[in-house]
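Single-letter residue listing:
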Amino acid sequence: MSLNNNYTELKNICKQIRKDIITMIYHAGSGHPGGSLSLVEIMVALYFGGILNYKPDKPDWSDRDRLVLSKGHAAPVLYAVLAKAGYFPQEDLNSLRKIDSYLQGHPHNLSTPGVEVPTGSLGQGLSIAHGIALGLRVLKNKARVFAIVGDGELEEGSIWETAMSAGYYRSGNLTAIIDYNHLQIDGNLNEVKSPEPITDKFAAFNWQVVEVDGHDLPQLLDELSKPINHDQKPKAIIAHTVKGKGISFMENVVDWHGVAPNQEQYQKAMEELNG
Amino acid sequence: MDKDILEKINNPKLSYPRVAYGKTLVELGQQNDKIVVVDADLAKSTKTAYFQEKFPHRFFDMGISEADMVTTAAGISSCGFTVFASTFSIFLTGRAWEQIRNTVAYGNFNVKLVATHAGITVGPDGASHQALEDIALISAIPNMKIMAGGDYLSTVNLVKLIAEQKGPFYLRLPRCKAVELYSDTDKFHLGGSQQLSSGNDITIISYGLMLQRSLSAAQELNKQGIKARVIDMYSIKPFDYDAVLSAAGETKGIVVAEEHTIKGGLGSQIATFLSQHQPTKIKYVSMKDEFGRSGEPQELLDHYQLTSNSIVEKSLEIIND
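The rules behind each value
- Residues numbered from 1 in each chain as written.
- Chains lettered and ligands numbered in written order.
- Predicted model: local features only at pLDDT ≥ 70, side-chain atom pairs only at ≥ 80, totals over all residues.
- Heavy atoms only, no water.
- Helix = DSSP H or I, 4+ residues; strand = E, 2+ residues; numbered from the N terminus.
- Rg over C-alpha atoms; globule rule 2.2 N^0.38 Å.
- Contact = heavy atoms within 4.5 Å.
- Areas by Shrake-Rupley, 256 points an atom, 1.4 Å probe, with all protein chains shown as cover.
- Lys, Arg positive; Asp, Glu negative; His and termini not counted.
- Charge placed at Lys NZ, Arg CZ, Asp CG, Glu CD.
- Domains from an automatic or database assignment.
- Buried area = accessible area lost by both parts, 1.4 Å probe.
- 1 Å grid on protein atoms, 1.4 Å probe; cavity = no way out; pocket = protein on both sides within 12 Å on 5 of 7 lines; lining within 4 Å.
- Points joined across faces, edges and corners; volume = space filled by probe spheres on them.
- Nonpolar A, V, L, I, M, F, W, Y, C, P; charged D, E, K, R; others polar.
- Axes fitted to C-alpha atoms, helices over the stretch in contact; angles between N-to-C directions.
- Parallel < 35°, antiparallel > 145°, perpendicular 65-115°, else oblique.
- Left-handed = near helix turned anticlockwise from the far one by under 90°.
- Pairing = 2+ DSSP bridges.
- Buried < 20%, exposed > 50% of the residue type's maximum accessible area, 1.4 Å probe, protein only.
- Core = buried A, V, L, I, M, F, W, Y, C linked by side-chain atoms within 4.5 Å.
- Salt bridge = Lys/Arg side-chain N within 4 Å of Asp/Glu carboxyl O.
- Polar contact = N/O pair within 3.5 Å; in protein donor to acceptor, adjacent residues only side chain to side chain.
- Arc of directions from axis to C-beta.
- Phe/Tyr/Trp six-rings, centres within 6.5 Å; stacked < 30°, edge-to-face > 60°.
- Lys NZ or Arg CZ within 6 Å of the ring centre and 35° of its normal.

Q: Give a detailed account of the overall build of chain A, specifying residues and quantitative values.
A: Each helix and strand in chain A was counted, giving 10 helices and 7 strands. Relative to its length of 275 residues, chain A is compact, with a C-alpha radius of gyration of 17 Å against a globular reference of 19 Å. Expressed along its principal axes, the backbone C-alpha trace of chain A runs to roughly 50 × 45 × 35 Å. In chain A, of all internal contacts separated by at least 6 residues, the share reaching a separation of at least 24 is 76%. For chain A, the accessible area works out to roughly 10,600 Å², and carbon and sulfur atoms hold 47% of it. Each charge sign in chain A was given a centre, from 25 positive and 32 negative side chains, and these centres are 6 Å apart.

Q: Describe in detail the domain arrangement of chain B, supporting the description with residues and values.
A: All names here are of chain B. Domain boundaries in chain B define domain 1 (3-11 + 186-320) and domain 2 (14-179). Computed over C-alpha atoms only, the centres of domain 1 and domain 2 are separated by 25 Å. Opposite the 36 residues of domain 1 that make contact, domain 2 presents 40 residues. Both sides of the domain 1 and domain 2 interface together cover about 2,700 Å² of buried area, and 66% of this is carbon and sulfur.

Q: How would you explain the layout of surface pockets if you had to name every residue and give the values?
A: Of the pockets and cavities examined, the largest pocket occupies roughly 620 Å³. Looking at the largest pocket, it is lined by 33 residues, and the ones nearest its centre are Asp60, Arg64 and Glu116 of chain A together with Ser78 and Phe109 of chain B. Its residues assigned to classes, the lining of the largest pocket comprises 14 nonpolar, 13 polar and 6 charged.

Q: Can you tell me about the packing of helix H3 (residues 40-48) of chain A against helix H4 (residues 75-85) of chain A, naming the residues and giving the values?
A: A pair of packed helices is captured by two measures, namely the crossing angle of their axes and the spacing between those axes. All names here are of chain A. It is at 10 Å that the axes of H3 and H4 come closest, and there the two elements cross at 30°. Taken together, the axis directions place H3 and H4 in an arrangement best described as roughly parallel. At the point where H3 passes H4, the crossing takes the right-handed sense. Across the interface between the two elements, Val40, Met43, Tyr47 and Phe48 of H3 pack against Val77, Leu78, Val81, Leu82, Lys84 and Ala85 of H4. Residues of the contact of H3 with H4, tallied by class, amount to 9 nonpolar, no polar and 1 charged.

Q: I'd love a proper account of the sheet that holds strand S11 (residues 228-232) of chain B, names of residues and values included.
A: Residues and elements named next belong to chain B. Ordered by their spatial adjacency, 5 strands build an open sheet running S9-S11-S10-S13-S14, and the pairing between neighbours is mixed. Single-partner strands in this sheet number two, and they are strand S9 (194-197) and strand S14 (282-287). The sheet shows a mean angle of 25° between the axes of neighbouring strands, direction not considered. The sheet contact formed by strand S10 (residues 202-206) and strand S13 (residues 254-261) spans 4 bridges and is parallel. Bridge pairing in S13 places Ser206 opposite Ala257.

Q: Go over the environment of Ala163 of chain B, please, and point to the residues and values.
A: All names here are of chain B. Tracing the chain through its elements places Ala163 in helix H9 (residues 152-164). Relative accessible area serves as the criterion here: at 16%, Ala163 is assigned to the buried category. Beyond its immediate chain neighbours, meaning those up to four positions away, Ala163 contacts Leu28, Thr82, Phe84 and Lys112.

Q: I'd like to hear about the nonpolar core, residue by residue, with values.
A: Within the largest apolar cluster, 79 residues are counted, with the highest numbers of intra-cluster contacts made by Phe202 and Trp207 of chain A together with Val38, Phe60, Leu113, Val244 and Ile270 of chain B. Other than its neighbours up to four places away in sequence, Phe60 of chain B contacts Leu134, Arg137, Val138 and Tyr169 of chain A together with Val36, Val37, Val38, Asp39 and Ile76 of chain B.

Q: Provide a residue-level description of the pattern of salt bridges, including the pertinent values.
A: Within this structure, the stated rule accounts for 15 salt bridges over all chains. Residues Asp201 of chain B and Lys252 of chain B are paired through a salt bridge, measuring 3.9 Å at the closest nitrogen-oxygen approach. With a gap of 51 residues between them, Asp201 of chain B in the loop between S9 and S10 and Lys252 of chain B in the loop between helix H11 (241-250) and S13 connect regions that are remote in the sequence. Salt bridges sharing partners connect three or more residues here, namely Glu223, Lys226 and Lys235 of chain A.

Q: Let's hear about the side chain of Asn110 of chain B: which residues, and what values?
A: All names here are of chain B. Among the secondary structure elements, Asn110 is positioned in the loop between helix H7 (97-105) and strand S5 (111-116). For Asn110, a relative accessible area of 9% gives the class buried. Here Thr82 takes part through its side chain, which lies 3.1 Å from a polar atom of the side chain of Asn110. A distance of 2.7 Å separates the side chain of Asn110 from the side chain of Lys112, its partner in a polar contact. Not counting residues up to four positions away in its chain, the partners in contact with Asn110 are Ser77, Phe81, Thr82, Val83, Gln165, Lys166 and Gly167.

Q: How would you summarise the interface of chain B and chain A if you had to cite specific residues and measurements?
A: Contacts between the two partners involve 25 residues from chain B and, on the opposite side, 25 residues from chain A. When residues of chain B are sorted by the area they lose upon contact with chain A, Phe60, Cys79 and Tyr106 of chain B head the list and together hold 27% of the total. Here chain B is connected to chain A by 0 salt bridges. Mapped onto the side of chain B that touches chain A, the elements with two or more residues apiece are strand S3 (59-61), helix H5 (66-77) and H7 of chain B. The element best represented in the side of chain B that touches chain A is H5 of chain B, accounting for 7 residues. Taken together, the residues of the side of chain B that touches chain A sort by class into 8 nonpolar, 11 polar and 6 charged.

Q: Which residues make up helix H9 (residues 217-224) of chain A, and what are the values?
A: Residue and element names in this part refer to chain A. Within the span of H9, buried status applies to Leu217, Leu220, Leu221, Glu223 and Leu224. Burial along H9 is one-sided: seen end-on, the buried residues are contained in an arc of 165°. Contact partners of the buried residues in H9: helix H1 (7-28), H3, strand S2 (145-150), strand S3 (174-180), strand S6 (208-213) and strand S7 (235-240). Measuring from the side-chain oxygen of the N-cap residue of H9 to the backbone nitrogen of Gln219 gives 3.1 Å; that N-cap residue is Asp216.

Q: How would you summarise the packing of aromatic side chains if you had to cite specific residues and measurements?
A: For the structure shown, the criterion picks out 19 aromatic pairs over all chains. For the ring pair Phe249 of chain A and Trp256 of chain A, a centre distance of 5.8 Å and an interplane angle of 65° mean the geometry is edge-to-face. For the residue pair Phe249 of chain A and Trp256 of chain A, the accessibility class agrees, reading buried in each case. Ring geometry for Tyr21 of chain B versus Phe84 of chain B: centroids 6.3 Å apart, planes at 50°, classification tilted. Of the two residues, Tyr21 of chain B is situated in helix H2 (residues 17-31) and Phe84 of chain B in strand S4 (residues 82-88); the sequence distance between them amounts to 63 residues. Across the pair, exposure class does not vary: Tyr21 of chain B and Phe84 of chain B are buried alike. Three or more aromatic residues joined by ring pairs form one cluster here, namely Tyr47, Phe48, Tyr54 and Tyr87 of chain A. In this structure, Arg58 of chain B is placed above the aromatic ring of Phe55 of chain B, and the distance from its NZ or CZ to the ring centre is 4.4 Å.

Here's what the structure looks like:
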């Protein structure tokens, strides 16, 4: 895809994706709105800003770039973006989490077109993504691999096993995007178990580390479109985000990690997004 | 008993199943450039080092990080590779269990988990290194299939078999040398078994290093005029349902002999199956609900009563019941 610099259009897509997320979770009666909303600009930049190469009509296309949603509980934003991209009909989004739906509560590659690997158990996706990066290296395939990692997920030890592996193997085709929204289920990261200093940690594991505003589309596109060197350091992009971004009463409120809005809250959220 | 098998156990030739694994990997690697191997700092022990030496660009040592090794293997396989991932059984099936469940099996990736050093015969390293729960742990996961190498040639065949089959497998291998039981013409298949000795009085079902003691037990029973059928259940999940049903129908009962805890091993699974289809007397020669300890492999087998005498006693208990 060509780089899409039409920010007005991308912003409109972001608004639509947010509506899809809230509507899906409202109909499901459960799910994770906060960490889905914090990822909207990142996912829209990747899928509609000309960063990822993909073919929705050919999900197994061998030269596609791969995206692994390591923080699998943000499945709603992934599904909304995949539907928008054309992997499956948008009207199916509201079957999320229902019996017989192909949209499982957490991503599952065998259930949903466009989903590369199963995630949901934190700490595994980054490692799978690095495996893909190594597999592409053996194939001499120049595709890129992106892993979206939660900030709280950095508390999983397996993340740092992979950080060490990818740094050691100089897997420059791997980019990890850290959704730094500062909240996890039990509270603020600083009150639970802060993973700071995140930049220093990744740098110490031989990663290149950059920081961006995770809701600033021009900044995101600028960073994501920079050429990579396939046998150099992997890159960690620390994206500063707001949990629940875009819906006033959800922003920075930890309780919106994993609950669905009631009817009143749903209507208020949709009014805000339509406003 | 068949003269050929008597000769094999009375004048045993010993060899390492894990060497068979390493050498077969090299053979597969020469035939197929879509074979990739990963290990977790035990390549010299698991014998994946043979592959590493020949195909350094298709080998990744993930260091001492078994969880990372397993999920990395899944990622590599998603690029169209058949990936063999090896370490000791306890670290592979224990440490990385949830990676196996939630990534390898749930995603149905083409990953072959081949563990060496399974069972009590790990020996002097002691309980921390003796995987006695691996069959139970992996059997409980949907999509996972399980095989066990009983000697050199069966391991060669099983490694080739799992490489040909799509999807995730667990292959269990011992540390120690095993008595050579098979010949070049023996065939192995998913859900199959090998009858090593024929008989209609009692059936002994086993796999791995306990095959040797099972055959010795059959020889002892034979001296008492009791014909024991000995089955190598090298395919553990799925196991050979027909062979088990035949054994239940044609002999007086079944003794299952395995280097594994009684809780959730092959014995448990055969019992679950037969209780629903053909209730049969079953006795178990397996590890009780306890940890192992240091000692030489044969001493440990004797200490925990994983012996041919135990198999004989359990057989007689069924026959005389």
